[in-house]
Amino acid sequence: MGSRSSFLIVANRLPVDRSIGPDGTATWRRSPGGLVTAIAPVMQSRDGAWLGWHGAPGEELEPFHDDGMNLIPIPLSEEEVQLYYEGFSNATLWPLYHDVVAPPVFSREMWETYKAVNLRFAEATAEAAAPGAVVWVQDYQLQLVPQMLRERRPDLRIGFFLHIPFPPVELFWRLPWRTELVKGLLGADLVGFQRPGGASNFIRLCRRLLGLPYKGNEIFHDDRVVTAQSFPISVDFGELDKLARDPQIVHRAKEIRFELGDPEHLLLGVDRLDYTKGIGTRLEAFGELLDERQVEPGEAVFVQIATPSRERVEEYRRLRDDIELQVGRINGMHSMIGHQPIQYLHQAYDRHELAALYLAADIMVVTPLRDGMNLVAKEYVSCHHDLRGALVLSEFAGAADELRQAYLVNPYDVEGVKRQILAAMRATPHEVARRMRAMRRRVSTYDVDRWAGEFLTALES
Ligand code: ADQ
């Protein structure tokens, strides 16, 4: 590649995964997951560079070109993967920023590695950026990069977007390295959050922790203005809508229902297997509905797809055992020959099969205890051109700000979740269509292009 780029994305991971063919040759494939799905189209249209780890510990790779993008791999050693990624990112920041739904680990060794890796990303970016380039740093793994980059390249326009919630001051305060992290973020010109609440938490924190003056959403720091603003991320509505209208997908959706024994109600959950997603809550609610015979045996099937995730982090291993035990219990109690009320699949699915599942499902159950946005909810809405399909959605997901016509629930209130699942089951087709139409209007107008466009316009203005 050699030449410097005027538009750069900096993220923990490159947007591609390597797959090895039967003859041993390696190819790169676009990886699944929220962030990649959201940004790849923007990257391709602007011929920029993307810096990130390529997924293989200990391996150094030269920059390469794939899927219409210039990719700059940042190496991570096995130990750095443990301490920076699995450690500080996913065992400290992830639970802390998600309302401490699991206890965060505070380790000085993890913090030191987090700093060292952030520095490596910042140095590589400083190297790859053309004069005056626009740099967009992504997510909680790289919160120190904006400041480190500004020190090296004050000419750059630096944006940061946090994909997960930004916690209230009282929770953030626990972090032994709270000042360094906040200063890291303040290196950006624009700090983006999913919800307005995240932006106001951040502004309040800057005032309380550093005594910084602010006006509206502008924070005054080091003779600069840092803007903190919400930009709710979205999905590629057009693409999903088109996919779900494909006759093959429509056929597959019918086939799925048939294979499940044509239940009256097909309920669906699709998540990374993560303790923030509230998978246990929704299974508990469904199990009790069966126990109480509010749902008759054979009347409903719950399909729960749980993508394996972060399997080397202790908390995630425990979660997997808990969920499998819970599924086993409910199925043990309520299965009949040829019918299991819960179909649990601990697998990743390809986009076509996922679209068919969304289309097949009568009720999508999304019950995170805390979630930055939740793209699954928006994907489900995007696929239901038939206006069938109800969404049960946690108030604690960012998506709840926009999808007001969902059956909203407090995931800590099992009775409330049961009530809303039943309401969705008993709703008339007319009512379901009314709600779905309104939600589709929202997602189709505020899609992922609009999200990226609004962020970049704000950053470049
Ligand atoms: P995630 O926590 O990963 O994202 P989410 O927003 O739901 O959560 O995105 C998950 C993505 O992975 C979706 O595109 C979904 O289709 C896909 N996926 C999930 N299960 C799958 C499976 N079994 N097979 C294949 N694909 C699967 C983080 C934040 C979110 C935020 C996003 C984007 O936690 O709150 O919405 O980033 O900012």
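Here the structure is a predicted model, which means the values were calculated and not measured.

One can read the domain layout of the chain as domain 1 (5-233 + 449-460) and domain 2 (237-445). For domain 1 versus domain 2, the distance between C-alpha centres works out to 30 Å. Between domain 1 and domain 2, the residue contacts involve 16 residues of the former and 15 residues of the latter. When residues in the side of domain 1 that touches domain 2 are grouped by element, the largest group, 3 residues, is from helix H2 (residues 78-97). The residue makeup of the side of domain 1 that touches domain 2, split by class, is 8 nonpolar, 5 polar and 3 charged.

Close contact between helix H8 (residues 237-245) and helix H13 (residues 375-383) brings their axes to 8 Å; oriented N to C, the two are set at 50°. Regarding the angle of H8 to H13, the classification is oblique. As for how H8 packs across H13, the hand of that crossing is right-handed. For the pair H8 and H13, contact is made by Phe237, Leu240, Asp241 and Ala244 and by Glu379, Ser382 and Cys383, respectively. When grouped by side-chain class, the residues that make up the contact of H8 with H13 number 4 nonpolar, 1 polar and 2 charged.

Spatially, S5-S6-S4-S1-S7-S8-S9-S12-S11-S10 is the arrangement adopted by the 10 strands of the open sheet, whose pairing is mixed. A strand with exactly one partner marks an edge of an open sheet, and here the two such strands are strand S5 (64-66) and strand S10 (214-215). As defined by bridge partners, strand S1 (residues 5-13) adjoins strand S7 (residues 129-138) across 5 bridges and the pair is classed as parallel. Across the sheet, residue serine 5 finds its bridge partner in S7, namely alanine 129. Where helix H7 (residues 196-210) meets the sheet, it contacts strand S9 (190-193), S10, strand S11 (218-221) and strand S12 (224-230), and its direction lies at approximately 145° from that of S12.

A few words on helix H10 (residues 279-291). Look at H10: 18 Å from first C-alpha to last across 13 residues, which is about the 18 Å you get at 1.5 Å a residue. The complete set of buried residues in H10 reads Ile279, Thr281, Arg282, Leu283, Ala285, Phe286, Gly287 and Leu289. Elements in contact with the buried residues of H10: strand S13 (265-272), strand S14 (300-307), helix H11 (314-334), strand S15 (342-345), strand S16 (363-366) and helix H14 (414-426).

One finds Val135, Ala377, Leu391, Val392 and Leu393 to be the most contacted residues of the largest nonpolar core, which totals 141 residues. Shared between two domains, this core takes at least three residues from each, and those domains are domain 1 (5-233 + 449-460) and domain 2 (237-445). Beyond its immediate sequence surroundings of up to four residues, leucine 393 is in contact with Val366, Ala377, Ala399, Ala400, Leu403, Ala406, Tyr407, Leu408 and Val409. Counting 6 residues, the second largest nonpolar core, distinct from the first, contains Ala102, Tyr275, Val313 and Tyr316.

Criteria and thresholds
Residues numbered from 1 in each chain as written. Predicted model: local features only at pLDDT ≥ 70, side-chain atom pairs only at ≥ 80, totals over all residues. Domains from an automatic or database assignment. Contact = placed C-beta atoms within 7 Å. Helix = DSSP H or I, 4+ residues; strand = E, 2+ residues; numbered from the N terminus. Nonpolar A, V, L, I, M, F, W, Y, C, P; charged D, E, K, R; others polar. Axes fitted to C-alpha atoms, helices over the stretch in contact; angles between N-to-C directions. Parallel < 35°, antiparallel > 145°, perpendicular 65-115°, else oblique. Left-handed = near helix turned anticlockwise from the far one by under 90°. Pairing = 2+ DSSP bridges. Expected span 1.5 Å × (residues − 1). Buried ≥ 20, exposed ≤ 12 C-beta atoms within 10 Å, placed from the backbone. Core = buried A, V, L, I, M, F, W, Y, C linked by C-beta atoms within 7 Å.

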